[in-house]
Amino acid sequence: MSSFHLQIVTPDGLFYDGQAESLNLRAAQGGLTILPRHTNFVTTVGMGPAKVVLDGNARTAACIGGMLSVINGEVRLIATTFEWAEDIRLHGREDIDRERAKSALERAEAKLADASLSKEEHRLAESAKRRAQVRLSIPQA
Ligand code: ATP
């Protein structure tokens, strides 16, 4: 099957560097699928599930925003955070810790119930809630 070179980078370093058959994620304009020979393209990436097909196997991850570029067949995803739904032992990276995400969701909801929050505190708590919801929405492998 034809493939393209995919690099996924997060602030923690190089997350994935190898061939992929497709990449599906939530881009600024909506759902986006990258296949081999995609035209040159740059977009922002929203929060949501990302699906990567590697060696014929679909792998799902939680992607919390970033940028995507396709330049002459080279695909680069620079993600704020990226966690696989399962430990596929690529570069020894962590998979989604559901207990951690549940705790983060509870903390965010408790914060949001506090009527004395400033606008900025409210915005931060809403973002934390959304991140936890995205992580918990990814089906377990
Ligand atoms: P928490 O309050 O649990 O830290 P958060 O949403 O504030 O959650 P982020 O700032 O988005 O965390 O991420 C910080 C780092 O922790 C990133 O490297 C991210 O991949 C990792 N991370 C956060 N939550 C999880 C999780 N539930 N499972 C695995 N890794 C996580």
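Basis of the calculations
- Residues numbered from 1 in each chain as written.
- Predicted model: local features only at pLDDT ≥ 70, side-chain atom pairs only at ≥ 80, totals over all residues.
- Heavy atoms only, no water.
- Pairing = 2+ DSSP bridges.
- Helix = DSSP H or I, 4+ residues; strand = E, 2+ residues; numbered from the N terminus.
- Near = heavy atom within 4 Å.
- Polar contact = N/O pair within 3.5 Å; in protein donor to acceptor, adjacent residues only side chain to side chain.
- Areas by Shrake-Rupley, 256 points an atom, 1.4 Å probe, with all protein chains shown as cover.
- 1 Å grid on protein atoms, 1.4 Å probe; cavity = no way out; pocket = protein on both sides within 12 Å on 5 of 7 lines; lining within 4 Å.
- Sits in = over half its atoms within 2 Å of the grid points.
- Salt bridge = Lys/Arg side-chain N within 4 Å of Asp/Glu carboxyl O.
- Buried < 20%, exposed > 50% of the residue type's maximum accessible area, 1.4 Å probe, protein only.
- Points joined across faces, edges and corners; volume = space filled by probe spheres on them.
- Nonpolar A, V, L, I, M, F, W, Y, C, P; charged D, E, K, R; others polar.
- Expected span 1.5 Å × (residues − 1).
- Contact = heavy atoms within 4.5 Å.
- Arc of directions from axis to C-beta.

Undergrad: Looking at this structure, how should I read the pairing of strand β5 (residues 41-54)?
TA: Regular strands have side chains that alternate between both faces of the sheet. As paired elements, strand β3 (residues 22-27) and β5 share four bridges and run antiparallel to each other. Note on β5: the bridge partner recorded for Ala27 is Val45. Direction of pairing for β5 relative to strand β6 (residues 57-71): antiparallel, over a ladder of 13 bridges. Paired with Val52 across the strands is Arg59, a residue of β6. The turn joining β5 and β6, which pair antiparallel and follow one another in sequence, is formed by two residues; a positive phi near 50° is taken by Asp55.

Undergrad: Can you walk me through the site of the ligand in this structure?
TA: Around the ligand, the surrounding shell consists of Asp12, Thr81, Glu83, Asp95, Ile96, Asp97, Arg100, Ala101, Arg107, Arg131 and Arg135. Note that an oxygen atom of the ligand is positioned 2.5 Å from one of the side-chain N or O atoms of Glu83. Protein chains shield 70% of the accessible area of the ligand, which is 590 Å² for the free molecule. Judged by its atoms lying within 2 Å of the grid points, the ligand is housed in the largest pocket. Of all the elements in the fold, those that place two or more residues in the shell around the ligand are α1 (98-112) and α2 (119-137). For the shell around the ligand, the element with the most residues is α1, which contributes three residues.

Undergrad: How should I be thinking about the pattern of salt bridges in this particular structure?
TA: Where side chains of opposite charge bring their charged atoms close, a pairing between them can arise. A complete count under the given rule lists three salt bridges for this structure. Two residues, Glu83 and Arg135, come together in a salt bridge whose shortest N-O distance is 2.7 Å. With Glu83 in strand β8 (residues 82-84) and Arg135 in helix α2, this pair connects stretches of sequence that are 52 residues apart. The class of Glu83 is buried, set by a relative accessible area of 15%. Among the residues examined, Arg135 registers a relative accessible area of 18% and is labelled buried. Here Glu99 and Lys102 are joined by a salt bridge, their closest N and O atoms 3.3 Å apart.

Undergrad: How should the layout of surface pockets be read in this particular structure?
TA: To find the voids left in a structure, one rolls a probe of water-molecule size over its atoms. Space inside the largest pocket adds up to approximately 630 Å³. In this structure, the largest pocket is lined by 26 residues; those nearest its centre are Thr81, Glu83, Arg100, Arg131 and Arg135. Those elements that provide at least two residues to the lining of the largest pocket are β8, α1 and α2. Of the residues that constitute the lining of the largest pocket, the class distribution is 11 nonpolar, three polar and 12 charged.

Undergrad: Please clarify how α2 should be interpreted in this entry.
TA: Its 19 residues give α2 an end-to-end C-alpha distance of 27 Å, which sits within 8% of 27 Å, the value for a rise of 1.5 Å per residue. At its buried positions, α2 is contacted by β5, β6, β8 and α1.

Undergrad: I keep staring at α1 and nothing clicks. Help me out?
TA: Because each turn of an α-helix spans 3.6 residues, side chains separated by three or four positions in sequence point in the same direction. Helix length check: α1, at 15 residues, gives a terminal C-alpha distance of 21 Å against a target of 21 Å (1.5 Å per residue), a fit within 8%. By the burial criterion, the buried members of α1 are Arg98, Ala101, Ala104, Leu105, Ala108 and Leu112. Buried residues of α1 fall within an arc of 120° about the axis and therefore sit on the same side. Facing away from the buried side of α1 by over 90 degrees, the exposed positions are Glu99, Arg100, Glu106, Arg107, Ala110 and Lys111. Where α1 is buried, its residues contact α2. Structurally, the start of α1 carries an N-cap: the backbone nitrogen of Glu99 is 3.2 Å from a side-chain oxygen of Asp97.

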